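Breakdown of the fold
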Amino acid sequence: MQSYLLPEFEVERKEEKCIRCQVCVRQCAFETHRYDEELDRMFSDVEKCVGCQRCVVFCPTNALSVRPNPSAYKLNYSWTDERISDLTKQAETGGVILTGGGNDKPYRVYFDHLVLNASQVTNPSIDPLREPMELRTFLGCKPDTLALESWSELGDVEIRTAMPPNVMIETPILFTAMSYGAISYQAFKSLAIAASEYGTLFNTGEGGLPKELRAKYGRNAIVQCASGRFGVDAEYLNCAAVVEIKIGQGAKPGIGGHLPGEKVSCSIAETRMIPEGTDALSPAPQHDIYSIEDLSTLIYALKEATNYEKPVSVKIAAVHNSAAIASGMVRAGADIIALDGLRGGTGAAPKIIRDNVGIPIELAIASVDQRLREEGIRNRCSIIAAGGIRCSADVIKAIALGADAVYIGTAALVAMGCTLCQKCYTGKCNWGICTQDPYLAKRINPDIASRRLVNLLRGWSLEMKEMLGGMGINAIESLRGNRDHLRGVGLEEWELDVLGVKGAGE
Amino acid sequence: MKTGEEVNEMEIDASKLTHKELNDAIRNCVLEGAERIILRNVYGQRYIGTRLYSPNPDNKVEIEIFGTPGNDLGAFLNGHRIIVHGNAQDGVGNTMDDGEIMVEGRAGDIVGMSMRGGKIFIRDSVGYRAAMHMKGYSGKKPVLVIGGTAQDFLGEYMAGGIVILLGLGNVSHKANFIGTGMHGGVIYIRGEVEKYQLGKEVGVLKLEDKDEEILEKYVREFTNYFDLGISQKEILSEEFIKLLPVSKRPYGRVYAY
């Protein structure tokens, strides 16, 4: 069938600069570029280009540029180019349109409508370069009350209350769930190295944790137990810092996932504990969880399996009733609640789901935090917010709205080279991140990629200290749920209400 | 707690214990070197056997249960052996890795959910979604043998392993959606099943020699464990059908790339 699709990108090659070195040919797994020996000329099949910019960056003479195709349909705000090309694609295939990355639609980004406070005159700001500034965070359930016992005349006290298991992280930023399978082994290992170097956690996703990484990186791992139960065994659960039950994901709330059989290589099959070459199907629900009571059953099964030594996290997609669901989760025994918002990323999801289901993370954090406070159970869990955290200011704002820490996914991938071309589901990632092709995957060197990730964590942490210092706060704990430090700009009354913040100037 | 003579046997009265207290006590027995633990008056305590990962890695224990264990019996089980003199509830052998579970009675829903190793023998029937997403890989091949019948969605999403449904006691199989979404492993059923009862991802095949061997082996084990009043030979004399997935990739053609 003749395809009616317009190419998304245009490739321009400056002939006078091109030296026919064919770097572009080798860099593009989508086979956009080719060299014709007889004519001694380079050609580009623009319809194959995904706009990842790998060839542009690697062209030694800067001969290439890739930009959106200037050809366009007649301007139409309802029937946009994207709608028309999606329709065309479906007419040609009859399938569900897949995509990768996070929701790219122009929903309101509340972080961009919230501004932070700073100390002026009436209270001093703090200079974090010279004064202590605490970003250290403890994840897990905190007791309702503390029983203290004084045991010396000097006033030393001992805590009598049995403390539930907590995990200490050096900065309130964790790497979100990205499985080995969704991303390459090299990218997965880079996250593990960076987390252990910086003193934070990475999340295995539901693809298991390769055995050789358990001893060294287990203590920095959040291991997932999801609907497919891939790679879950007692050793996997016990080597980790935190066990997370994955109920949902911001990019695809309410649906399962399929890792296509061609990506299930020998090593992935071993790690996921499934036969090589079969689809790794994650059912939409966990079939042992149909209610809050069932969730509690699995939470305690995991606590039993880990001898009550590890916090158990439950991750849900932020949806309409998140606040009520979160209350149930805490009462079911969750020590950590992970909320993944509308803009959360994915390796593969139906586009129609990614772009239309769920609620923005800012509203979810605020409503969940508020609800748990009202019910007097906020101390019983930590909240990790995810889905569209792009910079350190987003982290600070998420924490001021009520989160304990944040998960970053897309930001970490960008640090490793990702340019958000959203073709993760094809398995042909030119940056070596979202692929199982050994030729592509070796483009990520875990020593270098982990350095880039550590740099990112360090840069954000320094910026966060600056912002905290400016507000006159010297510990991230004092900012948690401290919405007085936020003001809304350009928001409606109901939005300010849900966020629990005043308008700027109020 | 009492200690036996030949094997190091200990006994726990579960009648006044919560699930956590009972599992604490079982764990302590294993740490003290018990090889066999007898639990009396069990009345719905969950997760029996779950907390036995590596308190003593070489010591595989046998747990004998009198009464009715609660949900998630042997969840994440790591190579121990559990015998239930009575019925079991939901989630028997949930995500089990290795070991054996024998139930002298019936079991509830999701028996053997996501198990990837070990064996489960249920004397009577089971509830919904048994063998849900059971898997196998390299050397691991989980086995679930059910004496009676199963309810809907038996073997849903199954990715590996062996399920044998014996239909003893003249039960008729009423389950629908058998093997729906199945993409690995095999289900053997003794007795009649209509085409409409099967998921569209499975096909019905005749038994081959290697299937006969598998059935002979596990049905023998089954008849050895339980007092059934019917021999292995009698069971095997009736016809079995074999269900296999038609594709390793049942949903490969749903998407537009």
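Please read all numbers here as calculations on a predicted model, not as lab measurements.

Overview of empty space enclosed by the protein
All names here are of chain A. The full count for this structure, using the stated rule, is two cavities of 30 Å³ or more. Considering only enclosed or pocket space, the largest cavity measures out at about 80 Å³ in volume. Around the largest cavity, the lining is made up of 15 residues, and of these C28, C49, C52, C55 and N430 lie nearest the centre. For the lining of the largest cavity, the secondary structure elements donating two or more residues are α1 (23-27) and α2 (54-58). For the lining of the largest cavity, the per-class residue count stands at eight nonpolar, six polar and one charged. Looking at the second largest cavity, its volume works out to about 60 Å³.

What to know about the state of the cysteines
Residues and elements named next belong to chain A. Going through the model one piece at a time under the given rule, you end up with zero disulfides over all chains. Here C18 stays unpaired: no disulfide links it, and the sulfur of C24, its closest cysteine neighbor, is 6.4 Å away. Of all cysteine sulfurs, the one in C21 lies closest to C59, which takes part in no disulfide; the gap is 6.1 Å. With a relative accessible area of 12%, C59 lands in the buried category.

Some remarks on the sheet that holds strand β23 (residues 502-503) of chain A
Residues and elements named next belong to chain A. With mixed pairing, three strands are arranged side by side in an open sheet as β6-β22-β23. In this open sheet, the two strands that pair with only one neighbour each are β6 (114-116) and β23. Where β6 meets strand β22 (residues 486-488), three bridges bridge the pair, whose relative direction is antiparallel. When the sheet's bridge partners are listed, V115 is paired in β22 with R487.

Some points on the environment of A:C59
Tracing the chain through its elements places A:C59 in the loop between α2 and β4 (64-68). Distance in space between the C-alpha atoms of A:C59 and A:Q27 is 9.4 Å, their sequence separation being 32 residues.

Here we look at the layout of surface pockets
Estimates place the volume of the second largest pocket at around 1300 Å³. Grouping the amino acids of the lining of the second largest pocket by side-chain chemistry returns 17 nonpolar, ten polar and 13 charged.

Notes on the side chain of A:K310
All names here are of chain A. Structurally, K310 is set in the loop between α8 (292-305) and β17 (312-317). Within the structure, K310 has its side chain in polar contact with the backbone oxygen of N238 (distance 3.2 Å). A distance of 2.8 Å separates a polar atom in the side chain of K310 from the backbone oxygen of A240.

Reading guide: rules and limits
- Residues numbered from 1 in each chain as written.
- Chains lettered and ligands numbered in written order.
- Predicted model: local features only at pLDDT ≥ 70, side-chain atom pairs only at ≥ 80, totals over all residues.
- Heavy atoms only, no water.
- 1 Å grid on protein atoms, 1.4 Å probe; cavity = no way out; pocket = protein on both sides within 12 Å on 5 of 7 lines; lining within 4 Å.
- Points joined across faces, edges and corners; volume = space filled by probe spheres on them.
- Helix = DSSP H or I, 4+ residues; strand = E, 2+ residues; numbered from the N terminus.
- Nonpolar A, V, L, I, M, F, W, Y, C, P; charged D, E, K, R; others polar.
- Disulfide = S-S within 2.5 Å.
- Buried < 20%, exposed > 50% of the residue type's maximum accessible area, 1.4 Å probe, protein only.
- Pairing = 2+ DSSP bridges.
- Polar contact = N/O pair within 3.5 Å; in protein donor to acceptor, adjacent residues only side chain to side chain.

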